[in-house]
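# Topology and contacts: notes
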Amino acid sequence: MSASPSNNNKGVNKRDSFYPFPSENTRTSTILRAGKGPNEEASDGSAGVRQLLGVKGASETQEKWKIRLQLTKPVTWIPLVWGVMCGAAASGNYHWMWNPFDANDRDVLLGATDALKGFVAMILAGPFLTGYTQTINDWYDREIDAINEPYRPIPSGAISEGEVIFQIWALLLGGLGIAYGLDIWAGHEFPTVLALSIFGSFISYIYSAPPLKLKQNGWAGNYALGCSYISLPWWCGQAVFGELDRPIYWILPVLYSIAGLGIAIVNDFKSIEGDRELGLQSLPVAFGIDGAKYICAGSVTVTQLCVAAYLYSIHEPTYAAILTGLILPQIYFQATLLLPDPVANDVKYQASAQPFLVFGILATAL
């Protein structure tokens, strides 16, 4: 729901503020009133779905549950859910209800139990902790969004300060509760999933919030984002079904997080105007669009080639070949979409290239 300037801070009251999320100050309110205007709805009939997914071209709504869902950006849950799947695969202990490739892996009850356990881990990584991350990021990005995306729920005034802060705490505490429940379910002596969740939530906070606000620095912010989207859900899925007791279980996700840094740069191209105006040193601001696009392409491609070489070195030539085959179409889309115009083609590039990246991650996990 868009709002006129006089309604942008409707429902905002300092009494609604809860530590460590401060109330809006005068400067924030002024910037929020300076937004460029309403969101242009998609004309292809997808505006309602876009609103629920939290992406551009969304329709307006006054239904609070839809606004709350929009804040969590469900479209961003997918990489985290996939990461949990990769971790489960890497553990070697995930059981199917009926495995067509292994006659010894057809225990329906055990498979159903593991499927449910995996589903709960995905709920933890997606709706709860990614939802928490996106909501807190929108809260601290309300000044930037007023410039880049003024139709977002907070700068548009569609949801009050107190409602946003309640959502942040509910998702965080709910997520930590689920994480501890998974540790009990997995029989962990040390609460590994809870520890990973606390660490990830802390990184999410310092990524968005002052005084550290990692996103102000393109390198630190984008690597933190890559790690959160790839390494942490991988480790979560692996911890639920197995152990993190070998160096390879740490090395490969950390390497893929460098590729995640490149993907994070793609998201920064659309925000370059607001980042520059507010003094944020994203990589497109620091190196210019031309410099950042090559950093993006290089980090994604070189990292995966290094992983493929590592797989070959540990006598896994088949998986190394599969990964190399999945890298080639990514290079093609970089050459035809990313490098010619990363600002105009950011969504097309991600939609075209990312499926090959995530299937490469799964092939590596297997």
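The rules behind the values
Residues numbered from 1 in each chain as written. Predicted model: local features only at pLDDT ≥ 70, side-chain atom pairs only at ≥ 80, totals over all residues. Heavy atoms only, no water. Phe/Tyr/Trp six-rings, centres within 6.5 Å; stacked < 30°, edge-to-face > 60°. Helix = DSSP H or I, 4+ residues; strand = E, 2+ residues; numbered from the N terminus. Buried < 20%, exposed > 50% of the residue type's maximum accessible area, 1.4 Å probe, protein only. Lys NZ or Arg CZ within 6 Å of the ring centre and 35° of its normal. Salt bridge = Lys/Arg side-chain N within 4 Å of Asp/Glu carboxyl O. Core = buried A, V, L, I, M, F, W, Y, C linked by side-chain atoms within 4.5 Å. Contact = heavy atoms within 4.5 Å.

## Notes on the packing of aromatic side chains
Enumeration according to the criterion identifies 7 aromatic pairs in this entry. Look at Trp 235 and Trp 250: their rings are 4.7 Å apart centre to centre, the planes differ by 50 degrees, and that puts the pair in the tilted class. Of this pair, Trp 235 sits in helix H10 (residues 218-241) while Trp 250 sits in helix H11 (residues 247-269); the two residues are 15 residues apart in sequence, bridging distant segments of the chain. On the basis of relative accessibility, which here comes to 7%, the residue Trp 235 falls in the buried class. Through a chain of ring-to-ring contacts, three or more aromatic side chains come together here, namely Tyr 332, Phe 333 and Phe 356. Sitting above the plane of the Trp 139 ring, Arg 142 keeps its charged end 4.0 Å from the centroid.

## Points about the pattern of salt bridges
Applying the stated criterion to the full structure yields 6 salt bridges. As a salt-bridge pair, Lys 64 and Glu 163 come within 3.3 Å of each other at their nearest N and O atoms. One end of the pair, Lys 64, is in helix H3 (residues 64-71); the other, Glu 163, is in helix H8 (residues 161-186), and 99 residues separate them in sequence. Of the charged contacts, one joins Lys 73 and Asp 138 as a salt bridge, the two residues approaching to 3.8 Å between their closest N and O atoms. Taken together, the residues span a long stretch of sequence, with Lys 73 in the loop between H3 and helix H4 (77-91) and Asp 138 in helix H5 (residues 108-140) at a distance of 65 residues. The exposure class of Lys 73 is buried, given its relative accessible area of 15%.

## Some details on the nonpolar core
Judged by nonpolar contacts, the single largest core of 49 residues is most densely connected at Cys 86, Leu 124, Val 193, Trp 234, Tyr 256, Leu 323 and Ile 361. The element that contributes the greatest number of residues to this core is H10, accounting for 11 residues. If sequence neighbours within four positions are ignored, Leu 323 has contacts with Tyr 256, Gln 304, Val 307, Ala 308, Leu 311, Gly 360 and Thr 364. Residues Leu 71, Trp 139, Ala 158 and Val 164 belong to the second largest nonpolar core, which totals 15 residues.

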